[in-house]
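So the chains spell out like this:
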Amino acid sequence: MTTMPRTLHPRNRRLILALICLPVFIGALDLTIISAVLPAVVIDLEIPLETSLDDAAWAVSGYLIAYAVTMSFMGRVSDLVGRRRVFLICLVIFIAGSWLVATCDQGFTDLLVAIARQAGDRPDRSNVALMALIIGRVVQALGAGAMVPVSMALVGDLFPPEQRAQPLGVIAAADTIGWVLGSVYGGVMVKWLSDLRTAGALQSPFFDWQILFFINIPIGIVVLAVTWWVLRGTATPTEKGRFDYLGAVFITLAHVALNLGLGASTEATSGVTSFDELSQPPEYAAPMLVGGLAALGLFIWWELRHHDPLHNLRLFARRVYGTAAVTNFFVGFALMIGLVSVPILINVRQTDTTQLDKAALESGLLLFWLMIPMALAALPGGWLTSRYGYRAPVALGLAIALVGFALMGLSWTGNDSYVMMALQLTIAGAGLGLTFSPISAAAVNSAAEHERGSVSALVIMIRLTGMTISMSSLTTFALRRVTVLTAAVTGSATFDMNAATHTVFEVTVQVIRELMLLGAGVCLIALIPALLMGAAKAREQLGGEPQPASSD
Amino acid sequence: MIIITLVALLLTACNPTPTPGPTALPDPRALVTEAMRATRATDGFRLIIERGGAPVYIDQLNTIEFLRAQGQFVLPDQIQTTVKIKLAGVVGQAELVAAGLDQYLSHTTLTGGVWFKFIFLPGFDPGTMLAEGGGLERALTTVKDLGLVGVEAKDGTEAYHLRGVGVGADVAAFTLGLVASYDVEVDAWIDVATKRVVHLEVVENNRPLPEGETEPPVWTVELYDYNDAGLAVEIPEDAVEPESTPTLVPTANPAGTGS
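Residues numbered from 1 in each chain as written. Chains lettered and ligands numbered in written order. Predicted model: local features only at pLDDT ≥ 70, side-chain atom pairs only at ≥ 80, totals over all residues. Heavy atoms only, no water.

## Structural notes on the overall build of chain A
Part 1 of the reasoning: The helix and strand inventory of chain A stands at 18 helices and zero strands.
Part 2 of the reasoning: Sequence-distant contacts, at least 24 apart, represent 85% of the contacts inside chain A between residues at least 6 apart.
Part 3 of the reasoning: Of the roughly 21,600 Å² of accessible surface on chain A, a fraction of 68% belongs to carbon and sulfur atoms. (Helix = DSSP H or I, 4+ residues; strand = E, 2+ residues; numbered from the N terminus. Contact = heavy atoms within 4.5 Å. Areas by Shrake-Rupley, 256 points an atom, 1.4 Å probe, with all protein chains shown as cover.)

## Remarks on unusual backbone geometry
Residues and elements named next belong to chain B.
Part 1 of the reasoning: A cis amide bond links leucine 75 with the next residue in sequence, proline 76, at an omega value of 10 degrees.
Part 2 of the reasoning: For lysine 195, which is not glycine, the phi dihedral falls at a positive 65 degrees.
Part 3 of the reasoning: Note that lysine 195 resides in the loop between strand S9 (183–191) and strand S10 (197–203).
Part 4 of the reasoning: Its identity as a non-glycine residue notwithstanding, asparagine 227 has a phi of 60 degrees, on the positive side.
Part 5 of the reasoning: Within the element layout of this structure, asparagine 227 appears in the segment after strand S11 (218–224).
Part 6 of the reasoning: The exposure class of asparagine 227 is partly exposed, given its relative accessible area of 34%. (Buried < 20%, exposed > 50% of the residue type's maximum accessible area, 1.4 Å probe, protein only.)

## A word on the pattern of salt bridges
All names here are of chain B.
Part 1 of the reasoning: By the definition in use, this model includes 13 salt bridges over all chains.
Part 2 of the reasoning: Of the charged contacts, one joins glutamate 201 and lysine 154 as a salt bridge, the two residues approaching to 3.6 Å between their closest N and O atoms. Residue glutamate 201 is found in strand S10, and its partner lysine 154 is found in strand S7 (residues 144–154); the two are separated by 47 residues along the sequence.
Part 3 of the reasoning: Taking relative accessible area as the criterion, glutamate 201 reaches 23% and is therefore assigned partly exposed. (Salt bridge = Lys/Arg side-chain N within 4 Å of Asp/Glu carboxyl O.)

## Focus: a nonpolar patch on the surface
Residues and elements named next belong to chain A.
Part 1 of the reasoning: A contiguous nonpolar surface patch, about 320 Å² in accessible area, is contributed by Leu293, Leu296, Ile300 and Leu304.
Part 2 of the reasoning: Structurally, leucine 304 can be placed in helix H10 (residues 285–305).
Part 3 of the reasoning: Taking relative accessible area as the criterion, leucine 304 reaches 34% and is therefore assigned partly exposed. (Patch = residues over 30% accessible without salt bridge, like charges linked within 9 Å, V, L, I, M, F, W, Y side chains within 5 Å.)

## Comments concerning the side chain of Gln140(A)
Residue and element names in this part refer to chain A.
Part 1 of the reasoning: Examined against the element boundaries, glutamine 140 turns out to sit in helix H5 (residues 125–158).
Part 2 of the reasoning: Given the relative accessible area of 0%, glutamine 140 is considered buried.
Part 3 of the reasoning: Contact partners of glutamine 140, with chain neighbours within four places excluded, come to Asp30, Tyr63, Phe94, Gly97, Ser98, Val101, Phe213 and Asn216.

## Considering the nonpolar core
Part 1 of the reasoning: Residues Tyr67(A), Phe73(A), Phe213(A), Leu335(A), Phe405(A), Trp412(A) and Leu464(A) are the most contacted members of the largest nonpolar core, which totals 158 residues.
Part 2 of the reasoning: Excluding residues that lie within four positions of it along the chain, Tyr67(A) makes contacts with Gly27(A), Ala28(A), Leu31(A), Ala141(A), Ala144(A), Gly145(A), Val148(A), Asp175(A) and Leu464(A).
Part 3 of the reasoning: Membership of the second largest hydrophobic core comes to 56 residues, among which are Leu31(B), Ala35(B), Val56(B) and Leu162(B). (Core = buried A, V, L, I, M, F, W, Y, C linked by side-chain atoms within 4.5 Å.)

## Digging into the pairing of S11(B)
All names here are of chain B.
Part 1 of the reasoning: In terms of residue burial, S11 counts as a mostly covered element, since five of its seven residues are buried.
Part 2 of the reasoning: Bridge count between strand S1 (residues 44–52) and S11: seven bridges; the pairing is antiparallel. Paired with isoleucine 48 across the bridge in S11 is glutamate 222.
Part 3 of the reasoning: In the sheet, S10 pairs with S11 via five bridges, with the strands oriented antiparallel. For valine 202, the partnering residue across the bridge sits in S11 and is tryptophan 219. (Pairing = 2+ DSSP bridges.)

## Focus on the confidence of the model for chain B
Residue and element names in this part refer to chain B.
Part 1 of the reasoning: Residues of chain B with pLDDT of at least 70 account for 83%, and the chain-wide mean is 78.
Part 2 of the reasoning: Counting interchain partners and residues more than four positions distant, the pLDDT-below-50 stretch residues 9–21 has zero contacts.
Part 3 of the reasoning: Predicted confidence is poor over residues 249–259, with pLDDT under 50, and the contacts of this stretch with residues over four places away or in other chains come to 29 contacts. (pLDDT = per-residue confidence, 0-100.)

## As for the sheet that holds S9(B)
Residue and element names in this part refer to chain B.
Part 1 of the reasoning: The strand order across the open sheet built from 11 strands is S6-S5-S4-S3-S2-S1-S11-S10-S9-S8-S7, with neighbouring strands paired in antiparallel fashion. In this open sheet, the two strands that pair with only one neighbour each are strand S6 (116–117) and S7.
Part 2 of the reasoning: The sheet contact formed by strand S4 (residues 90–99) and strand S5 (residues 102–106) spans five bridges and is antiparallel. Looking across to S5, one finds that alanine 98 is bridged to glutamine 103.
Part 3 of the reasoning: Lying on the sheet, helix H2 (residues 28–40) is in contact with S1, S7, strand S8 (157–167), S9 and S10; it crosses S7 at an angle near 60 degrees. (Axes fitted to C-alpha atoms, helices over the stretch in contact; angles between N-to-C directions.)

## Topic: the side chain of Lys84(B)
Part 1 of the reasoning: For Lys84(B), the position within the fold is in strand S3 (residues 78–87).
Part 2 of the reasoning: Residue classification places Lys84(B) among the buried positions, given a relative accessible area of 4%.
Part 3 of the reasoning: The residues touching Lys84(B), leaving out its near neighbours within four places in the chain, are Glu46(A), Pro48(A), Asp124(A), Ser126(A), Glu65(B), Phe66(B), Leu67(B), Arg68(B), Val91(B), Gly92(B) and Gln93(B).

## What about the packing of helix H1 (residues 10–44) of chain A against H5(A)?
All names here are of chain A.
Part 1 of the reasoning: For the pair H1 and H5, interaxial distance at closest approach is 10 Å and the crossing angle is 155 degrees. Looking at the two axes, H1 sits roughly antiparallel to H5. Every pair of crossing elements has a handedness; the one defined by H1 and H5 is left-handed. Note on element contacts: H5 touches H1 through Leu133, Arg137, Gln140, Ala144, Met147, Val148, Ser151, Leu154, Val155 and Leu158, opposite Arg13, Ile16, Leu17, Ile20, Pro23, Val24, Gly27, Asp30, Leu31, Ile34 and Val41.
Part 2 of the reasoning: Broken down by class, the residue content of the contact of H1 with H5 amounts to 15 nonpolar, three polar and three charged. (Parallel < 35°, antiparallel > 145°, perpendicular 65-115°, else oblique. Left-handed = near helix turned anticlockwise from the far one by under 90°. Nonpolar A, V, L, I, M, F, W, Y, C, P; charged D, E, K, R; others polar.)

Next comes the structure, spelled out in structure tokens:
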């Protein structure tokens, strides 16, 4: 790879770094902001409650999938086409996606309805509006996810090797802080907008949850103009080589098919009244899962034989890297359980939809107690890694998270005090956060110097993959459990709205408890690869870098 | 001779056989009679009922707001729809079957997916929708100022557009019995080719509006897929009859909340 002349003044480099971090931060913010906004969206678009969970879940998982998919190959595209061009295009895509989300129930929905009618279908406009929102979210994520590896690659262009660690860490931090703060920011904003509306200060329907996405547009345009200007003088390194189109297709197919397959069974829950009816998932579930696994297999086979692979999968053969990656997947899986369960519990506690803004704020604040300790625990995680190696802090973190999830799974009744819930979420969050630094360090230190940018992105991508798989499979699990338990209780009872509402509450809390225990189980499973990481310390590993095999 | 022939051909070309002029529009009342006969002659159709404008409530306590229904009608008196409602701000959907005066309701949460037999929509009788001399026929034949607006494309079909002012009760069956008995503006579209009713719009501009509402309720009814092979209404044979009158309104905070 050719390198660009490093003639920029350090101050200008830092300015560029700050500029490219802003859209990375906003893109990551939008990854989790939806958890606070989604109840308001479901009410506003008049999505039926019976279908909202599995349909609206795609507003979350669609973003996650697209974010992870685009992250997997856009760094490589920027190697070949040029960073500035790719970064600016991604930013435009993100802005366009934000506009689509904010105006999803307007012209875009009209267009989709017209297309459906041309095809002979007569869809409910509410469902089409939700589909428009999901499409907008996917477009957003295609831009946002791509900006992470492209930004990391830009660091490689702007900074000499010995100075890259800090700016790479800054970008990773911008990404992490973004999705850590997303739900809190969303909750605070929803409450604030609601208060303004109650006070009569807001009249336009656009000044509702939509404003959280509209706000991305002016910010994005300003960043677009400024980065276009500041990056104009930077010579773009374009590597000679070929883009691995097949690899990109295979990994995209694998992501989409696996998530569709895992999420497919939600359709089987509609109107189900007995366990027998749940025995058969939809016909497309199995082919999707098989197809997804086949695409994943083809991706691995192709990457191992391709001259210019998207990712150097041979790294997985190195013990430290392979075990860190598997652990990271499970960390993402467990993290999603906390992220999804808390808003559901808070919403089911509300009996009046006019209190949804309050629920959004409560969800955001409770998630704050999961996310902030998680982010803060990265610091002691780093210190413990340098002192005791990778294995000890990862195993300790997983054990602490296991305790946190188990406490929630065993004690939550739905009427718990926020203090107790916050305390238990803090334990789980701190435990998961403790694993971040050693996992990242293990992965990055396993790679050769020129691979560290892409490996940094890969670490985030693997965690996101764990989160998307978690989201798809848990939605299926939770819906099936809620439907079966509700049918078992209500089916034999007298028709009564109050009894039905109470049953839904009890059943939902029970399912959330089961999810939390599942989270504890996932942490337990993750301990296996964590303990296999070996006791190597970063210094020992870097001493012989890159390590070809076990670092024990 | 040749010149005369050419001139004759030219003149013929310039004066082609006159094409028929625009078809004379039929008499509106005769059209209604023919449309009802053609519609009644079918096995059934699918339908979508949507409400716009001011909210209309299903229950007398004004808590359950009707939004939309999509389903099928099998002549003479059976209807099966998925009804979308809003209760305490939350949107849900229920399955409704009506056969004559019998009504059946199933809801994932409310009834745990079990069919219950009880009168969910008081006064609603699907048999009156297309009844001879009643329902839509009476609504359209007794309307004041019935007029034929013209021929226009509606839902992809070339249709006659009729307009008049009728009595709400006569078109109520097309809105699951929810249109009030005030005078209503009725627009009907009748397929030019089949003479079947394909679209209705009912504006309740005489209905008293809830506080804060300015637009009257507007009902849009689409009728399509006439005689489709898949049309069938399944009457839930094992429906449960509730022991007491169902409680449709939730009390506040049934589960309690944390501190």
